Amino acid sequence: MDTLSLKTGIQTFSPAYFALAMSTGIISIASSMLGYHVISNWLFVLNNIEFTILSLLFILRVLFFFTDFKRDLSSHAEGAGFLTIIAAACILGVEYALLKYHFNWAIILWCFALCAWLVLVYSFFILVTIKEQKPSLEEGINGSWLLFVVSVQALSILGNTISPQLNLSTPVALFINLFFYLLGVLFYLIVIGIIFYRTTFFPMKADEFKPSYW
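Everything quoted here is computed from the prediction, not taken from an experiment.

What counts and what doesn't
Residues numbered from 1 in each chain as written. Predicted model: local features only at pLDDT ≥ 70, side-chain atom pairs only at ≥ 80, totals over all residues. Heavy atoms only, no water. 1 Å grid on protein atoms, 1.4 Å probe; cavity = no way out; pocket = protein on both sides within 12 Å on 5 of 7 lines; lining within 4 Å. Points joined across faces, edges and corners; volume = space filled by probe spheres on them. Helix = DSSP H or I, 4+ residues; strand = E, 2+ residues; numbered from the N terminus. Nonpolar A, V, L, I, M, F, W, Y, C, P; charged D, E, K, R; others polar. Core = buried A, V, L, I, M, F, W, Y, C linked by side-chain atoms within 4.5 Å. Buried < 20%, exposed > 50% of the residue type's maximum accessible area, 1.4 Å probe, protein only. Contact = heavy atoms within 4.5 Å. Axes fitted to C-alpha atoms, helices over the stretch in contact; angles between N-to-C directions. Parallel < 35°, antiparallel > 145°, perpendicular 65-115°, else oblique. Left-handed = near helix turned anticlockwise from the far one by under 90°. Salt bridge = Lys/Arg side-chain N within 4 Å of Asp/Glu carboxyl O. Phe/Tyr/Trp six-rings, centres within 6.5 Å; stacked < 30°, edge-to-face > 60°.

Draft legend 1. Empty space enclosed by the protein, seen in detail. Applying the stated criterion to the full structure yields 1 cavity of 30 Å³ or more. Its volume calculated, the largest cavity comes out at about 30 Å³. Around the largest cavity, the lining residues are W110, G159, S163, L166, L168, A173, I176 and N177. Here the element with the most residues in the lining of the largest cavity is helix 9 (residues 170-201); it accounts for 3 residues. In terms of residue class, the lining of the largest cavity is made up of 5 nonpolar, 3 polar and no charged.

See the structure below:
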């Protein structure tokens, strides 16, 4: 790959690429629970490599192509894809906790995911709110908005996993994790209602049925 191609790849790097680390981590955890520990360990190593490379590309894009980064974050259609970062970090944290019992790394990843969630969610909603030109519901909403649900539920799951290691009282730990769980439920009720309205009352083209609608 030449320098120009690499530069273009970083500039156009999609925030939703962290779904690769999400899926790898999910299969790794499932493999471990089913007793396929060799497969699980290999996928755990692969997930660490994927997450590291994706994080590096993401950082480079923020540093050298901030305008493109901000454009995507303020996009109704693309902005929610950034939340794959939170889900991927939490899933990797669950791997560290359940597969390797390395709770320090799990705690670090949870703290990182929480900070990233606060920054990205508030930035996204502020940017899409203050935009002068906004897309129609047909163009602006898609299945990636369900990542608002996935990201907070991932925070709840990892938070519950590492709660005994945080030196928090049981009521406080339960409150934090229940808060994120119920926030995910609230997001789901809102987002799925909007998606149902969009798909039911507006025309849908075949290429609009993207994998993100899972």
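From this point, things continue past the structure.
Draft legend 2. Here's a closer look at the nonpolar core. Counting residues in hydrophobic clusters, the biggest one holds 54 residues, and the most contacted among them are F18, F51, L83, I86, W117, F148 and L155. For this core, the secondary structure elements donating two or more residues are helix 2 (19-33), helix 3 (37-64), helix 4 (66-73), helix 5 (84-99), helix 6 (103-130), helix 8 (147-162) and helix 9. Once you skip the residues sitting within four places of it in the chain, F148 turns out to touch A80, L83, V121, F124, F125 and F187.

Draft legend 3. Expanded view of the packing of helix 5 against helix 8. Helix 8 packs onto helix 5 with a crossing angle of 25° between their chain directions and a minimal axis gap of 8 Å. Between helix 5 and helix 8, the crossing angle belongs to the class labelled roughly parallel. At the point where helix 5 passes helix 8, the crossing takes the left-handed sense. Here T84, I86, A87, C90, G93, V94, A97 and L98 of helix 5 come into contact with helix 8, specifically with L147, V150, S151, A154, L155, I157, L158 and T161. Class assignment of the residues belonging to the contact of helix 5 with helix 8 gives a composition of 12 nonpolar, 4 polar and no charged.

Draft legend 4. Region of interest: the packing of helix 6 against helix 9. At a closest axis distance of 15 Å, the pairing of helix 6 and helix 9 adopts a crossing angle of 45°. The orientation of helix 6 relative to helix 9 falls into the category oblique. Along this stretch, helix 6 crosses helix 9, giving a crossing that reads as left-handed. Counting all contacts with helix 6, which are made through W110, L114 and W117, the residues of helix 9 involved are I176, F180, L183 and F187. The class makeup of the residues in the contact of helix 6 with helix 9 is 7 nonpolar, no polar and no charged.

Draft legend 5. Representation of the pattern of salt bridges. On inspection of all chains with the given rule, the structure shows 3 salt bridges. Put simply, R61 and D72 hold a salt bridge, and the shortest N to O gap is 2.7 Å. Here D72 lies in helix 4 and R61 lies in helix 3, a separation of 11 residues in the sequence. A single burial state applies to R61 and to D72, both of which are buried. Residue R71 is joined to D72 by a salt bridge in which the shortest nitrogen-to-oxygen separation is 3.5 Å. For R71, a relative accessible area of 47% puts it in the partly exposed group. You can call D72 buried: its relative accessible area is 11%.

Draft legend 6. Fine view of the packing of aromatic side chains. With the rule as written, the count across this model stands at 20 aromatic pairs. Here F69 and F82 contribute two aromatic rings whose centre-to-centre distance is 5.3 Å and whose plane-to-plane angle is 85°, an arrangement assigned as edge-to-face. Note that F69 is positioned in helix 4 and F82 in the loop between helix 4 and helix 5, a separation of 13 residues in sequence. As far as the burial class goes, F69 and F82 line up, both buried. Taken together, a centroid distance of 5.6 Å and an interplanar angle of 45° make the contact between F124 and F148 tilted. Placement of the pair is F124 in helix 6 and F148 in helix 8, with a sequence separation of 24 residues. With respect to burial, F124 and F148 carry one shared label: buried. An aromatic cluster is built from F13, Y17, F18, F51, F58, F66, F69 and F82, whose rings are joined through pairwise contacts.

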